Amino acid sequence: MHVLTEKNVMRRKNHGKTALPEGVKNRADVDAYTIEGGICYNIRRRKTEPERVVFYLYDSEFCFPMSSGEWSYALRIMEMLNAELFVPMYPLAPEAGCEEVFRHLIPVYKNRCGKCQEEIILMGSGAGGLLALSLAQLIWAEGLPRPNQLVLLTPVLDTEFFDVKERERMEERLKKKNQLAAFQTSMDYLNRYWVKDMAGKVEYTSPIYGDFTDFTEKVTLISGTEDINNGSARLLCDKIQNTGIPVRFFEYTGKDRGFYLNRKDKTSRLLDKTLQDVLLGTKTEIINQYLAEVKRHVQWSKENPELFQDETALRYSSKHPIDIPGYKKDSRFVSITSAARMYAFDEEVKLFLRGYPNGTVVYAGCRMDAMFERVDNGRCLWYNLESPGRMTIRTMYLDRREREKNLYRAVNDIRWMDEIECERDQGILFVFRNVFSYLRTEEVGRFLETLYRKFQGCNVLFDCVARKSMGETRRKSHTEYRRTKFAMRTPELGVNDWNPAYSLIRVRQVLDPVKIKKEWPWPLRLRVRMSQKSGGRNVVLIRLGFEKYPTLADKDLWKNRMHR
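The shown structure was predicted, so the numbers you read here are calculated from the model rather than taken from an experiment. (Residues numbered from 1 in each chain as written. Predicted model: local features only at pLDDT ≥ 70, side-chain atom pairs only at ≥ 80, totals over all residues. Heavy atoms only, no water.)

Trainee: Talk me through the overall build of the protein; I want residue IDs and the actual numbers.
Mentor: The helix and strand inventory of the protein stands at 20 helices and 16 strands. In terms of C-alpha radius of gyration, the protein reaches 27 Å, essentially the compact-globule figure of 24 Å for 564 residues. Taken along the three principal axes of its C-alpha coordinates, the protein extends 80 × 55 × 45 Å. Considering the protein as a whole, with its 564 residues, one finds that 55% of them fall into the buried category. A fraction of 74% describes how many contacts in the protein between residues 6 or more apart in sequence connect residues 24 or more apart. Put simply, the protein shows about 26300 Å² of open surface, and 48% of that area lies on carbon and sulfur atoms. The protein carries 93 positive and 76 negative side-chain charges, and their two centres are separated by 7 Å. (Helix = DSSP H or I, 4+ residues; strand = E, 2+ residues; numbered from the N terminus. Rg over C-alpha atoms; globule rule 2.2 N^0.38 Å. Buried < 20%, exposed > 50% of the residue type's maximum accessible area, 1.4 Å probe, protein only. Contact = heavy atoms within 4.5 Å. Areas by Shrake-Rupley, 256 points an atom, 1.4 Å probe, with all protein chains shown as cover. Lys, Arg positive; Asp, Glu negative; His and termini not counted. Charge placed at Lys NZ, Arg CZ, Asp CG, Glu CD.)

Written out as structure tokens, the structure is:
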């Protein structure tokens, strides 16, 4: 990202670069048009019939022509999606502000896509992401055909920063990188030459605050955790979700703006496959690695119906057969223990909701599990917490229900704790299923301490291996990374070791409800029996802090005493 000043922009700008690189002409058929006084390129793969149109707005930083690296990326998109690529060379600052840019882009879109029969994908990267989002809002207001899909790649979303808190967060990040002065200089430049007289007209300058009602059918949003616009991307995801429009949000750890342009980057290649799956509805290994869990839920439900029934997975698999190359079914023992563990978690959550019918449940590391559907009492507030990529696939698999909210963060990204909104005295339960397994006991303790400071009096539900079973678990592990590290010999003592303010409510041995059947092979019967004796895996419910919020039974008891 360049520092924008009059001197720097004039030095770097070269209008002659609006001509295509020769490599583009060698790889595809190219037509150049002059529309509204600007050059537009229509690019097609040779000897193929395109199935869709990608209207591509490149990252100009509002001032510079399209780079050769981005031309290469746009061609990759064209080939990957079997699309016709349309790239307008829109006006740039300082010669043109945002009003002139959209005065150019709206007629260009109408000319190319106004009567388009193919699927329209409006795609923008960086500054082009802001243009794409604004254009989608403006063409909808103009009554033009809306794009079928809107794709925003590490977009700039705000050039005026009406949200003071978001601006402060952004400046704090820039200060740590010693980039704050350069950022402020660039913003002053854009305010003079890009915003100009359109200050306050958010659909031109800051589309994150615009109207998202029916402006497109689907949105795909790509961001990196090191991108200074990452916070705005998360805010945009929430806003569009609240309108009911499907949002596929993928966030890549340690990546900055424009990381996808680097073909040598493994994450960039991964993103290519992800975009192909999401935009075309295909299922390569990117989608299949998540649907494998759904397939396992189907197996557990069919083999152990007395313990576990995932109706959502069963319905989905009946309508969409899940064919995963190389997939291996769980062994019968793993199927039994997995179903029993799901049963234990479901029963504990149901017990909590009986005591706190208006309580809040936070299901951390929810993966593809539809627990809310199995335990919902019709009154509780439910949060699903999962990393952005997995949560995005989850939203494609599961519809969000009333009183159910999704948080797009990894469990160890503790900023999610600030996003929980609930009435504490109504009861709050945090569910961590198979989240702590690969952490050491002291690491789990530090994590719970953070949770305790934020939500004193909350209940926490988690699973752990009994100390006696650790040897067997480790012998079956082939890598150090996958070895189970978290175990508790005596949960009550272990809980007090973390903090004397914690109290143990209940320990439930996962395999207790499993009834050994005569028709099982003798090795399976023996293994289940031995696991039951050794303790196997337990589900543990604890309270963090001395505070105890009254349950429904407590309140009824007090009422009866008052009447007496």
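Still to come is the rest of the account.
Trainee: Please set out the pattern of salt bridges residue by residue, giving values where relevant.
Mentor: Oppositely charged side chains are able to pair whenever their charged atoms sit close together. A full pass over the atoms with the stated rule returns 39 salt bridges. Across the salt bridge formed by Arg506 and Glu348, the nearest N and O atoms sit 2.9 Å from each other. Taken together, the residues span a long stretch of sequence, with Arg506 in strand E15 (residues 502-509) and Glu348 in helix H13 (residues 332-355) at a distance of 158 residues. Judged by relative accessible area, Glu348 falls into the buried class, the value being 2%. One salt bridge in this structure joins Arg394 and Glu404, with 3.9 Å as the shortest N-O distance. Note that Arg394 is positioned in helix H15 (residues 388-397) and Glu404 in strand E11 (residues 404-408), a separation of ten residues in sequence. This pair shows no difference in class: Arg394 is buried, exactly as Glu404 is. (Salt bridge = Lys/Arg side-chain N within 4 Å of Asp/Glu carboxyl O.)

Trainee: Lay out the nonpolar core in plain terms, naming residues and giving numbers.
Mentor: The biggest cluster of nonpolar side chains holds 151 residues, and the ones touching the most others in it are Ile43, Tyr56, Leu135, Trp194, Leu275 and Val349. By residue number, the principal contributor to this core is H13, which donates ten residues. Core analysis: the second largest hydrophobic core is formed by 33 residues, Val411, Phe436, Tyr502 and Val540 among them. (Core = buried A, V, L, I, M, F, W, Y, C linked by side-chain atoms within 4.5 Å.)

Trainee: I'd love a proper account of the environment of Val334, names of residues and values included.
Mentor: With respect to the helices and strands, Val334 occurs in helix H13. C-alpha separation for the pair Val334 and Trp300, spaced 34 residues apart in sequence, amounts to 9.1 Å.

Trainee: How would you sum up the sheet that holds strand E5 (residues 119-125)? Please name residues and give values.
Mentor: Here we have eight strands laid out as an open sheet, ordered E1-E2-E4-E3-E5-E6-E7-E8, and mixed in their pairing. Both outer strands of the open sheet, strand E1 (29-35) and strand E8 (247-252), are each paired with one neighbouring strand and no more. Taking each pair of neighbouring strands and ignoring which way they run, the sheet shows an average axis angle of 15 degrees. One ladder, built from six bridges, connects strand E3 (residues 52-57) with E5; its direction is parallel. Opposite Phe55, over in E5, you have Leu122 as the bridge partner. (Pairing = 2+ DSSP bridges. Axes fitted to C-alpha atoms, helices over the stretch in contact; angles between N-to-C directions.)

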